[in-house]
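Residue strings, one per chain:
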Amino acid sequence: MTTDEERLAQLGYKQELHRRLSGFSNFAVSFSIISILAGAITSYGIAMTAGGPMAITLGWLFVGIMVTFVALAMAEVCSAYPTAGALYWWAAALAKRNKAAWAWFVGWFNFLGEVAVTAAIDFGAAITTSAFLSLAFDMEVTTGRTFLIFLVIIIVHGLLNTFGVNLVRLLSDVSAWWHLVGVAVIVGVLAVIPDQHKPISEVFFEVKNATGFDFAGAGIYAVLIGLLMAQYTYTGYDASAHVAEETHDAARAAPRGIVLSVVVSVIAGFVLLFAITWSIQDYEGARTSELGLPPAQIFIDAVGHDTGTFLLFICMVAQWFCGMASVTANSRMSYAFARDDALPGSRIWKKVNPRTGTPTNSIWLCVSLSTLLVLPSLWNTTAYLAATSIAVIGLYIAYVGPVLLRRRDPDFVAGPWSLGRWSAPVGWIAIIWVGVICVLFVLPTAGPITASNFNYTIVAVAVVLGAATIWWFASARKWFTGPKQNLIEKAAHGEQTMPSGTD
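First, a word on what this report is: a plain description of the structure on this page. (Residues numbered from 1 in each chain as written. Predicted model: local features only at pLDDT ≥ 70, side-chain atom pairs only at ≥ 80, totals over all residues. Heavy atoms only, no water.)

It is worth spelling out the overall build of the protein at this point. Looking only at helices and strands, the protein features 23 helices and two strands. Its C-alpha atoms give the protein a radius of gyration of 22 Å, within 12% of the compact-globule value 23 Å for 503 residues. By residue count, 58% of the 503 residues in the protein fall in the buried class. Within the protein, contacts between residues at least 6 apart in sequence are counted, and of these 83% link residues at least 24 apart. (Helix = DSSP H or I, 4+ residues; strand = E, 2+ residues; numbered from the N terminus. Rg over C-alpha atoms; globule rule 2.2 N^0.38 Å. Buried < 20%, exposed > 50% of the residue type's maximum accessible area, 1.4 Å probe, protein only. Contact = heavy atoms within 4.5 Å.)

What follows is the structure, encoded as structure tokens:
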């Protein structure tokens, strides 16, 4: 057996998924889901309204530094436990007491966060695609058409993950290069073609407040709220952990993929956002553009219709890549959670297609649930916005749960990728930051506060936590025991768990 298979067996699992991902491919999956050409583009308008250029540029750097601490702390735990269960599996392994409860709640926050992020990414891709079709073919942008485009995108992503296993791996690698080269092209064009640029001082320090709040210190409040743009973009890098069972040298490659995907995104994303903000010709015109996507209007104003449309095309393709990678990671987490019987109908969702080595049923479960989350956008955007908010807070609660348990576990044995003496300060900074954003992003985002602009994030968080809690005490605590080791289960059924000829 390979070292990877031996380590997985030590964790209690038989190798079932096919190990086909290199270290670069593992990095590429997370980098593609973070996707600076997706999150930073589709949520750019959030920071334009709340905080302005300061929230966009310096805010991106500040949040990026804090997220790097979270990634480093997660990576150390990942190296010790390179399994597809990732966050909830780590929680069960590290908890001294109530292991099953920790695994249950971390797992459900991670599962729902993953589904919400997939929904948000592909719906964002649909918005960008609609804007592109409007510019290229004069298509009228409507709610119904945008939803239909979303359906096409997410179904294609499901089909690719089901039948195009090798193609998905190839496209993930292509995606990383598309993002890097695409950013270089956009930055180069925006630096050279526009007749005028904003003063550098304004790019970094100008504050805009169109939130409707006008109390003392409202500008600072707006900048803090605008950090959601960056924080939302920096999600999904746990994908490197979820595909660990498909990665060669996973104990090193997966943690490296987590950290590098964040660090490269911080640098490349800053350059991209600087170039876009530097090129703004008409701030209010772009912020309130009928295209529904401020960067698209900025491109057109700065470099003309045709070149601007080409730059938007680069972003659109990147977002298609991003959604494909998100479905991959989402389905692997769902497969692992179902493997431990934590999902309704787990028997169905934990099946692996013997021909392709992929969890086919789990893929379509994720596609279906993500579609349900986007469905209310046909008549009301509030539910969709709540879904994206719970994605940020839900995922980060899941990210930092195992980090907190690791800090409380003096017996933790580090893997080959370790922070050494920096582990404690890095871990506590990560924990504190997640606590800050959990408060920050449930605060009101627009005033005066009405039913139509009320920030429903706190409601969404309460619903998720409440539902998971009720289910736990009503039923799950009686049967959910945490991660179930399939080597033991398969041996009990007389299945061969070791390769023939192996002692």
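Here we come to a nonpolar patch on the surface. A cluster of nonpolar side chains, F24, W177, L180, V181, V185, F310 and F313, forms an exposed patch at the surface whose accessible area comes to about 610 Å². Contributing elements (two or more residues each) for the nonpolar patch: α9 (165-192) and α17 (305-339). Tallying contributions element by element places α9 first for the nonpolar patch, with four residues. Here F313 is to be found in helix α17. (Patch = residues over 30% accessible without salt bridge, like charges linked within 9 Å, V, L, I, M, F, W, Y side chains within 5 Å. Areas by Shrake-Rupley, 256 points an atom, 1.4 Å probe, with all protein chains shown as cover. Salt bridge = Lys/Arg side-chain N within 4 Å of Asp/Glu carboxyl O.)

Attention now moves to the packing of α9 against helix α16 (residues 294-303). Where α9 contacts α16, the axes come no closer than 9 Å and their chain directions differ by 45°. By the angle between their axes, α9 is oblique relative to α16. Two packed elements cross with a definite hand, and for α9 against α16 that hand is left-handed. Residues I186, V189 and L190 of α9 form the contact with α16, whose participating residues are F299, A302 and V303. (Axes fitted to C-alpha atoms, helices over the stretch in contact; angles between N-to-C directions. Parallel < 35°, antiparallel > 145°, perpendicular 65-115°, else oblique. Left-handed = near helix turned anticlockwise from the far one by under 90°.)

The next point concerns helix α8 (residues 143-163). A rise of 1.5 Å per residue sets the reference length of α8, with its 21 residues, at 30 Å; its end C-alpha atoms lie 30 Å apart and thus fit the reference within 8%. Burial in α8 covers these residues: T146, F147, I149, F150, I153, I154, H157, G158, N161 and T162. The secondary structure elements touched by the buried residues of α8 are α7 (99-137), α9, α17 and α19 (360-374). (Expected span 1.5 Å × (residues − 1).)

Note on placement: S130 falls in helix α7. The exposure class assigned to S130 is buried, which follows from its relative accessible area of 1%. A distance of 3.2 Å separates the side chain of S130 from the side chain of T146, its partner in a polar contact. When near neighbours in sequence (up to four residues on either side) are disregarded, S130 contacts M139, V141, T146 and I149. (Polar contact = N/O pair within 3.5 Å; in protein donor to acceptor, adjacent residues only side chain to side chain.)

What follows covers the packing of α7 against α8. Close contact between α7 and α8 brings their axes to 8 Å; oriented N to C, the two are set at 125°. In terms of orientation, α7 and α8 fall into the oblique class. Once α7 is placed against α8, the crossing between them reads as right-handed. Residues T118, A119, D122, F123, A125, A126, I127, T129, S130 and L133 of α7 form the contact with α8, whose own contacting residues are T146, I149, F150, I153, I154 and H157. Among the residues making up the contact of α7 with α8, the classes are represented as ten nonpolar, five polar and one charged. (Nonpolar A, V, L, I, M, F, W, Y, C, P; charged D, E, K, R; others polar.)

The next thing to look at is the nonpolar core. W90, Y237 and Y396 are the most contacted members of the largest nonpolar core, which totals 138 residues. The element best represented in this core is α7, accounting for 16 residues. Among residues more than four places away in sequence, those in contact with Y396 are V67, V70, Q231, Y234, T235, Y237, V434 and I437. A119, F147, I149 and I153 belong to the second-largest nonpolar core, a separate cluster that totals 14 residues. (Core = buried A, V, L, I, M, F, W, Y, C linked by side-chain atoms within 4.5 Å.)

Under the counting rule described, the total for this entry stands at zero disulfides. Considering cysteine sulfurs only, C322 is the nearest to C366, which forms no disulfide, with 15 Å between them. (Disulfide = S-S within 2.5 Å.)

The subject of this paragraph is the packing of aromatic side chains. Pairs of aromatic rings are described using the distance from one ring centre to the other and the angle between the two planes. The final tally for this structure, using the stated rule, is 34 aromatic pairs. Taken together, the ring pairs connect Y88, W104, F105, W108, F111, F337, W471, W472, W479 and F480 into an aromatic cluster. Here the guanidinium or amino end of K208 rests over the ring plane of Y283, the centre of that ring lying 4.9 Å away. (Phe/Tyr/Trp six-rings, centres within 6.5 Å; stacked < 30°, edge-to-face > 60°. Lys NZ or Arg CZ within 6 Å of the ring centre and 35° of its normal.)

This part takes up the environment of V77. Among the secondary structure elements, V77 is positioned in helix α5 (residues 58-80). You can call V77 buried: its relative accessible area is 1%. C-alpha of V77 to C-alpha of P402: the two residues are 325 residues apart in sequence and 7.7 Å apart in space. Here V77 is in contact with W90, L94, R406 and F412, once residues within four sequence places are set aside.

Moving on to unusual backbone geometry. In this model, G447 is joined to P448 through a cis peptide bond whose omega is -10°. Tracing the backbone shows P448 in the loop between α21 (423-440) and α22 (457-479). With a phi angle near 60°, D138 is a residue other than glycine that sits in the positive phi range. If you trace the backbone, D138 turns up in the loop between α7 and α8. With a phi close to 60°, D341 is a non-glycine residue in the positive phi region. By secondary structure assignment, the location of D341 is in the loop between α17 and α18 (346-349).

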